[in-house]
Amino acid sequence: MKTVTLVAPCYDEVEVLPEFYARVRQLANQLPQYKLEILFVNDGSRDGTDGLLDSLAAQDPYVKVLHFARNRGHQVALTAGLDFAEGDVIVTMDADLQDPPEVIPELLTKIEEGFDIVHAQRSVREGETRFKLATAHAFYRLLNAIAHEPLIEDYGDFRAFTRPVLMAVRGFREQHRFLRGTFVLLGFRQAVLPYHRAARSAGRTKFPLRKMLSFAVDGIVSFSSAPLRSLLWFAFILWGVSLAFTARALIGHFIFRWTVPGWTSLVVLLTFFTGLNLFSLSVVGLYVGRTFEQGQHRPLYWCRATRNIDLRALPYSPEIELSRRILGLNESPSSPTDNDHPE
Ligand code: UDP
Ligand code: MG
């Protein structure tokens, strides 16, 4: 029997988790041919999500929980889920029921048909503001236009994939993560399944404009060097403009004997070039900053506790090793699978 691991990052989701769990459990009854387990990654919630997940894990051995020591963001929580997932098929999804669990059987059917990655594509999006829909659409068009590799349009992190894909994606350890792009560039046999994205069932979005913007910058800077290259074209154009200005000034001075002080053009040029300098510097800074952060070799995440997970059985990754050390699992081989940071 194949095991399916659902990976769901949660950050302050105490209002939706009971319904999420109920709907997934219901689904498990409809899919008797699979062993369905849920891996919750608690991304440093502060609202009682911890306690709720612990009690779910205590009654249901198919509920696994990973408690981060602090909030590390949705993409890192998802990454941790991929490190800890052990199923034959993995499904990543949001915990707020915007990715309806009822779509999962269709994703699994596509996997059975022989695809390795099935992206669920949002054909309809309920309960989102016009602003979010318009900016998301514009963002994916821009990204597709400038990315090194074509990425499919407007998809989130709701997808199913097989174990070989899981192994491949674990090899990508960049600090700034944009997993929906990474999955596309992995290759394998990919399929797209349109679905109807529901509104959030309770609670508020955890993606304010600030986080959305920084996620968009991560997507562009990780998958395209167009911003860097565009600077070169800017420089060429401006060089042309400044040559024309120089010619005009010289001709004016020697032939027509103009005595206009030229203060306006000076100021215009000065501000324009200063602005451009700053812009160029900041684009370069984006890429240099990333090199710096990658060079620090910081762990992406670290765990405070786990439930129903045998950390010692997991393969090596720097983060898993660090979590083992935090939980004191290197010395005492006797502890059960519920692990808490020893006080
Ligand atoms: N999430 C997370 N860490 C964060 C922000 C969000 O694990 O720092 C989770 C959140 O609990 C949810 C999923 O990521 O399960 C998607 O977040 P949300 O629904 O707030 O984003 P939106 O759907 O509004 O883009
Ligand atoms: Mg949501």
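Located above this text is the structure these notes cover.
Residues numbered from 1 in each chain as written. Chains lettered and ligands numbered in written order. Predicted model: local features only at pLDDT ≥ 70, side-chain atom pairs only at ≥ 80, totals over all residues. Heavy atoms only, no water.

Colleague: Would you mind going over the state of the cysteines with me for this structure?
Modeller: Working definition of a disulfide: a covalent bond connecting the sulfur atoms of two cysteines. Counting across every chain of the model gives zero disulfides. In this model Cys10 remains outside any disulfide bridge; the closest cysteine sulfur is found in Cys303, 13 Å from its own. Looking at Cys303, the relative accessible area reads 1%, which means it is buried. (Disulfide = S-S within 2.5 Å. Buried < 20%, exposed > 50% of the residue type's maximum accessible area, 1.4 Å probe, protein only.)

Colleague: Any chance you could explain the sheet that holds strand β4 (residues 89-92) here in plain terms?
Modeller: Across a sheet, strands are paired by hydrogen bonds formed along the backbone, either parallel or antiparallel in direction. Taken together, nine strands build an open sheet; the order of strands is β7-β5-β6-β4-β1-β2-β3-β8-β9 and the sheet is mixed. In this open sheet, the two edge strands, each paired with only one partner strand, are β7 (190-197) and β9 (339-340). Where strand β8 (residues 303-307) and β9 come together, two bridges link them in antiparallel fashion. For Thr306, the partnering residue across the bridge sits in β9 and is Asn339. (Pairing = 2+ DSSP bridges. Helix = DSSP H or I, 4+ residues; strand = E, 2+ residues; numbered from the N terminus.)

Colleague: Would you explain the coordination of the magnesium ion (ligand 2) in this entry?
Modeller: Put simply, the ideal angle at a metal is 109.5 degrees for four donors in tetrahedral geometry and 90 or 180 degrees for six donors in octahedral geometry. Within the first shell, the magnesium ion (ligand 2) binds the protein through Asp96 (OD) and Gln98 (OE1), at distances of 1.9 Å. Each of the two residues, Asp96 as well as Gln98, counts as buried. (Donors = N, O, S within 2.8 Å, 3.2 Å for Na, K, Ca; no water.)

Colleague: Before we go on, may I ask you to explain unusual backbone geometry in this structure?
Modeller: A negative phi holds for most residues other than glycine; trans holds for most peptide bonds. A positive phi angle, close to 55°, is found at Asp12, a residue other than glycine. Of note in this structure, Leu97 is not a glycine but carries a positive phi near 70°. With respect to the helices and strands, the residue Leu97 is situated in the loop between β4 and α4 (104-112).

Colleague: Please clarify how the pairing of strand β3 (residues 63-68) should be interpreted in this entry.
Modeller: Walk down a regular strand and you will see the side chains alternate between the two sheet faces. Among the six residues that make up β3, six are buried, leaving the element largely enclosed by the rest of the structure. Burial of the side chains of β3 extends over both faces: Val63, Val65 and His67 are buried on one face and Lys64, Leu66 and Phe68 on the other. Looking at chain direction, strand β2 (residues 34-42) and β3 are connected through five bridges and run parallel. In the strand pairing of β3, Phe40 is matched with Val65. The β-α-β motif built from β2, the intervening helix α2 (residues 49-59) and the parallel element β3 has right-handed crossover chirality. (Right-handed = clockwise from strand over helix to strand, strands pointing away.)

Colleague: Can you walk me through the pattern of salt bridges in this structure?
Modeller: Where charged atoms of side chains with opposite charge meet at close range, the side chains can pair. The final tally for this structure, using the stated rule, is 24 salt bridges. The shortest N-O distance in the salt bridge between Asp96 and Arg200 comes to 3.3 Å. Residue Asp96 is found in the loop between β4 and α4, and its partner Arg200 is found in the loop between β7 and α8 (209-223); the two are separated by 104 residues along the sequence. One salt bridge in this structure joins Asp218 and Arg290, with 3.1 Å as the shortest N-O distance. Taken together, the residues Asp218 in helix α8 and Arg290 in helix α10 (residues 263-295) connect sequence positions 72 residues apart. Assigned by exposure class, Asp218 and Arg290 land together as buried. A single salt-bridge network, built from bridges that share partners, covers Glu13, Asp96, Arg200 and Lys206. (Salt bridge = Lys/Arg side-chain N within 4 Å of Asp/Glu carboxyl O.)

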